[in-house]
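# Remarks on the overall topology
Listed here are the chains, written in short residue letters.
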Amino acid sequence: MRLLRSTDLALRVLMRLAVADESSPTTRDVATGMDVPYTHLAKVVAELQHMGLLAARRGRGGGLTLTERGRTASVGAVVRAFEGDGDVVDCEGPTPCPLNSACRLRGALRRAQEAFFASLDPITVADIVAEPTGALLLGISRGASPRDT
């Protein structure tokens, strides 16, 4: 299974903010640091804010901060929210599969997808930034290369 780009960005934003210390980087700062288009990241940030996982303040002294809910959020829940609960394969698309009425593959893939999500459910954002990842993220967010930390 391959994650959508927006899912990957959402997880990386949460990780980045989890190690932000007292700073509140702007969406533009994070986009630049992650080398991704601002407009794409802004959509991801808006969804994370809607989910209550981060807070965004505009204007001077503004920026992004991780909420307590964001720190304790389940990685599985975040991935589910961004990936959606659709099937892994599109059996009923423009050219429906002729096996649709008697297919056992669709159910097997659905169970595999749920097992994937379930394996991520007990992992929190705080867990994925624990050492040594946190120190590396801090170095990257300050503009240092990973070799400098």
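See the structure above.
Figured I'd write up the structure that's included with this text. (Residues numbered from 1 in each chain as written. Predicted model: local features only at pLDDT ≥ 70, side-chain atom pairs only at ≥ 80, totals over all residues. Heavy atoms only, no water.)

It is worth spelling out the overall build of the chain at this point. When its secondary structure is counted, the chain shows eight helices and two strands. Reading the secondary structure of the chain in the N-to-C direction produces α-α-α-β-β-α-α-α-α-α. When its C-alpha atoms are laid out on the principal axes, the chain stretches across 60 × 30 × 30 Å. Out of the 149 residues in the chain, the part that is buried amounts to 34%. Just so you have it, the chain exposes about 9,200 Å², and 54% of that area is on carbon and sulfur atoms. (Helix = DSSP H or I, 4+ residues; strand = E, 2+ residues; numbered from the N terminus. Buried < 20%, exposed > 50% of the residue type's maximum accessible area, 1.4 Å probe, protein only. Areas by Shrake-Rupley, 256 points an atom, 1.4 Å probe, with all protein chains shown as cover.)

We now examine the environment of Phe 82. Examined against the element boundaries, Phe 82 turns out to sit in helix H5 (residues 75–83). With a relative accessible area of 14%, Phe 82 lands in the buried category. C-alpha separation for the pair Phe 82 and Leu 48, spaced 34 residues apart in sequence, amounts to 9.6 Å.

Before going further, it helps to examine the environment of Thr 67. Its place among the elements puts Thr 67 in the loop between strand E2 (63–66) and helix H4 (68–71). For the pair Thr 67 and Leu 11, spaced 56 residues apart in sequence, the C-alpha to C-alpha distance is 14 Å. Leaving out residues up to four positions away in the same chain, Thr 67 has contacts with Gly 52, Leu 53, Leu 54 and Ala 55. A distance of 3.1 Å separates a polar side-chain atom of Thr 67 from the backbone oxygen of Leu 53. (Contact = heavy atoms within 4.5 Å. Polar contact = N/O pair within 3.5 Å; in protein donor to acceptor, adjacent residues only side chain to side chain.)

A few words now on the side chain of Gln 113. Take Gln 113: it is sitting in helix H6 (residues 105–120). Classification of Gln 113 as buried rests on a relative accessible area of 6%. Residues within four places of Gln 113 in sequence aside, it is in contact with Met 1, Gly 86, Asp 87 and Val 88.

It is worth spelling out helix H3 (residues 38–50) at this point. Between its terminal C-alpha atoms H3 stretches 18 Å, which fits the 18 Å expected from 13 residues at 1.5 Å a residue. In this structure, the buried side of H3 is in contact with helix H1 (5–18), helix H2 (27–34), strand E1 (54–57), E2 and H5. The positive-phi residue at the C-terminal boundary of H3 is Gly 52, with phi of around 80°. (Expected span 1.5 Å × (residues − 1).)

On to the nonpolar core. Note that soluble globular proteins tend to have their nonpolar side chains buried in a common cluster. In this structure, Val 13, Leu 41, Leu 48 and Val 78 are the most contacted members of the largest nonpolar core, which totals 32 residues. Of all the secondary structure elements, the ones that give two or more residues to this core are H1, H2, H3, E2, H5 and H6. Considering every element that reaches this core, the biggest residue donor is H1, with eight residues. Look past the residues within four positions of Leu 41 in its chain and what remains in contact with it is Leu 9, Val 13, Thr 27, Val 30, Ala 31, Met 34 and Val 36. (Core = buried A, V, L, I, M, F, W, Y, C linked by side-chain atoms within 4.5 Å.)

Below, the discussion takes up the packing of H2 against H3. When two helices pack together, their arrangement is given by the angle between the helix axes and the distance between those axes. Interhelical geometry of H2 versus H3 gives an angle of 120° and a closest axis separation of 9 Å. Viewed along their axes, H2 and H3 adopt a mutual orientation that is oblique. Like other packed secondary-structure pairs, H2 and H3 cross with a definite hand, here right-handed. In this structure, H2 uses Thr 27, Arg 28, Val 30, Ala 31 and Met 34 to contact H3, whose residues at the interface are Tyr 38, Leu 41, Ala 42 and Val 45. In terms of residue class, the contact of H2 with H3 is made up of seven nonpolar, one polar and one charged. (Axes fitted to C-alpha atoms, helices over the stretch in contact; angles between N-to-C directions. Parallel < 35°, antiparallel > 145°, perpendicular 65-115°, else oblique. Left-handed = near helix turned anticlockwise from the far one by under 90°. Nonpolar A, V, L, I, M, F, W, Y, C, P; charged D, E, K, R; others polar.)

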